Amino acid sequence: MKLKATIEHKPNIPTASMADIAFLLIIFFMLTITFEVDKTQVVLPKTTLRYEIPKQSAYVSIDPNGRIRVSDGNEQSALVSAADEVLSMAAGVIAMDPQKVFVVKSDGEVSWEKVDEVIDALKRAKVRDVYLLSDQRTVTDG
Amino acid sequence: MKLDRDRPDDEIPTSSMADIAFLLIVFFMITTTFTATRGLDFALPEDDDDPPVVEKEESVLIEILPSGELIVDQDPMQLHEIIPYLKPKLERNPKKPVIIRPDTATPYKYMVQVYDELRQGEDHGLAEPINISVPTQREIQSFWY
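Residues numbered from 1 in each chain as written. Chains lettered and ligands numbered in written order. Predicted model: local features only at pLDDT ≥ 70, side-chain atom pairs only at ≥ 80, totals over all residues. Heavy atoms only, no water.

A word on the overall build of chain A
Next, step 1: Within chain A, the regular secondary structure consists of 3 helices and 8 strands.
Next, step 2: Helices and strands in chain A line up, N terminus first, as α-β-β-β-β-β-α-β-α-β-β.
Next, step 3: Against the 2.2 N^0.38 benchmark of 14 Å for 142 residues, chain A shows a C-alpha radius of gyration of 26 Å, more extended than a compact globule.
Next, step 4: Counting only residues that meet the buried cut, chain A has 43% of its 142 residues in that class. (Helix = DSSP H or I, 4+ residues; strand = E, 2+ residues; numbered from the N terminus. Rg over C-alpha atoms; globule rule 2.2 N^0.38 Å. Buried < 20%, exposed > 50% of the residue type's maximum accessible area, 1.4 Å probe, protein only.)

Here you go:
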């Protein structure tokens, strides 16, 4: 009797759809990524109301030691020595884009005097829209 | 005679595509930082050299001491008592300015706390948003009397 030769199946893992999944993930990350222009470590004040800040907003950050950093929203933030430099930077940014949104990212323990200087500089530079960056206040925060 | 010709492979080599794709995923995963991108909007009024004069009696003054204590129209007050205090005044005059004046040594978080509370006025039964004003030290020195 003639025996049928058994067909040998090569073991393989189906990977055809792997690239599809991978590219789907890439598209997700590409759409959601926002490059952080300011990496100052601060403990933000907590608020109940929080609104989404427009992308590519300019940043003025104040760290717990009172050091001020500024960014036009495109470049990485740079240290400035005084609030007057915030005024010149903000005036330059507003001259290019009068609708530019500024974000004040300050540590909650910084004295009001320091934040006041920054807000005053933004006011003098004719900045209209300012956001005070904050964390979400929860019921446990009291 | 049978010719033994090597037939060219008609498949597009895609075996490395997944490697490249995962390399890109790893790059995006590492560079993505989930940061706080929300905050309180703080519309700045135009820097006017000749601002409208507001009589002291017409406005409500909230002073914030460095300890975080609040003095509203000369009286100490808790944060949650501000809106009930303002309610009858704002019902009579919804445009009444409410001025927040923190001490220079007051931590910034206390000012944000008060500002956040006032912004929630409508949630606490007020008909209109509160007319909040936070004058800077320069404005206080120039125009305060």
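Next comes the rest of the account.
With respect to the sheet that holds strand E4 (residues 68-71) of chain A
Next, step 1: Pairing in this open sheet of 7 strands is mixed, and the strands run E2(A)-E1(B)-E7(A)-E6(A)-E3(A)-E4(A)-E5(A) from one edge to the other. Strands at the two margins of the open sheet, each flanked by one partner only, are strand E2 (51-52) and strand E5 (78-80) of chain A.
Next, step 2: Pairing between strand E6 (residues 102-106) of chain A and strand E7 (residues 130-133) of chain A: 3 bridges, direction parallel. Looking at E7 of chain A, one finds that valine 104 of chain A is bridged to leucine 132 of chain A.
Next, step 3: Against the sheet, helix H3 (residues 112-124) of chain A touches strand E3 (58-62), E4, E6 and E7 of chain A, its axis set at about 160 degrees to E3 of chain A.
Next, step 4: Against the sheet, helix H3 (residues 108-119) of chain B engages E2, E6 and E7 of chain A together with strand E1 (38-41) of chain B, with an angle of about 70 degrees to E1 of chain B. (Pairing = 2+ DSSP bridges. Contact = heavy atoms within 4.5 Å. Axes fitted to C-alpha atoms, helices over the stretch in contact; angles between N-to-C directions.)

A look at helix H1 (residues 17-31) of chain B
One turn of the α-helix equals 3.6 residues, which is why residues spaced by three or four share an orientation.
All names here are of chain B.
Next, step 1: With 15 residues, H1 should reach 21 Å at 1.5 Å per residue; the first-to-last C-alpha distance of 21 Å fits that figure.
Next, step 2: Among the residues of H1, Ala18, Ala21, Ile25 and Phe28 are the ones counted as buried. Viewed end-on, H1 has its buried residues packed into an arc of 90 degrees, placing them on one side of the element. Residues of H1 that are exposed and point more than 90 degrees away from the buried face comprise Asp19, Leu23 and Ile30. (Expected span 1.5 Å × (residues − 1). Arc of directions from axis to C-beta.)

A closer look at the sheet that holds strand E5 (residues 97-102) of chain B
Residues and elements named next belong to chain B.
Next, step 1: Sheet architecture is open: 5 strands sit in the order E4-E3-E2-E5-E6, paired in mixed fashion. At either margin of the open sheet sits one strand with a lone partner, and together these are strand E4 (75-77) and strand E6 (131-133). Looking at each pair of strands side by side, their axes are set apart by 30 degrees on average, direction ignored.
Next, step 2: In the sheet, strand E2 (residues 60-64) pairs with strand E3 (residues 70-72) via 3 bridges, with the strands oriented antiparallel.

With respect to the interface of chain B and chain A
Next, step 1: Every contact between the two is made by 44 residues of chain B and, on the other side, 47 residues of chain A.
Next, step 2: Overall, the association of chain B and chain A removes approximately 4500 Å² of surface from exposure, summing both partners, and the carbon and sulfur fraction of that is 63%.
Next, step 3: When the buried surface of chain B facing chain A is broken down by residue, Arg38, Leu44 and Tyr108 of chain B rank first, second and third, together holding 19% of it.
Next, step 4: We note a salt bridge from glutamate 52 of chain A to arginine 38 of chain B, for which the minimum N-O separation is 3.3 Å.
Next, step 5: Linking chain B with chain A are 21 residue pairs in polar contact (both at pLDDT 80 or more).
Next, step 6: Listing elements by their share of the side of chain B that touches chain A, those giving two or more residues are H1, E1, H3 and helix H4 (137-143) of chain B. (Buried area = accessible area lost by both parts, 1.4 Å probe. Salt bridge = Lys/Arg side-chain N within 4 Å of Asp/Glu carboxyl O. Polar contact = N/O pair within 3.5 Å; in protein donor to acceptor, adjacent residues only side chain to side chain.)

Observations regarding the nonpolar core
Next, step 1: With 51 residues, the main nonpolar core has Phe102, Leu122 and Val130 of chain A together with Phe42, Leu118 and Ile130 of chain B as its most contacted residues.
Next, step 2: A total of 7 residues in this core trace back to one element, the largest contributor, which is H3 of chain B.
Next, step 3: For leucine 118 of chain B, the residues in contact, after removing those within four places along its chain, are Ile62, Ile82, Ile83, Leu86, Val98, Ile100, Ile130 and Ile132 of chain B.
Next, step 4: Of all hydrophobic cores here, the second largest spans 8 residues; its members include Val37, Leu44, Ile53 and Tyr131 of chain A. (Core = buried A, V, L, I, M, F, W, Y, C linked by side-chain atoms within 4.5 Å.)

With respect to the packing of aromatic side chains
Next, step 1: For the structure shown, the criterion picks out 3 aromatic pairs over all chains.
Next, step 2: With 5.3 Å between their ring centres and 65 degrees between their planes, phenylalanine 28 of chain A and phenylalanine 29 of chain A make a pair best called edge-to-face.
Next, step 3: Taking the relative accessible area as the measure of exposure, phenylalanine 28 of chain A reaches 47% and is therefore partly exposed.
Next, step 4: For the pair phenylalanine 42 of chain B and tyrosine 115 of chain B, a centre-to-centre distance of 5.0 Å together with 65 degrees between the ring planes defines the contact as edge-to-face. (Phe/Tyr/Trp six-rings, centres within 6.5 Å; stacked < 30°, edge-to-face > 60°.)

Note that all results are geometric; they support no functional claim without further evidence.
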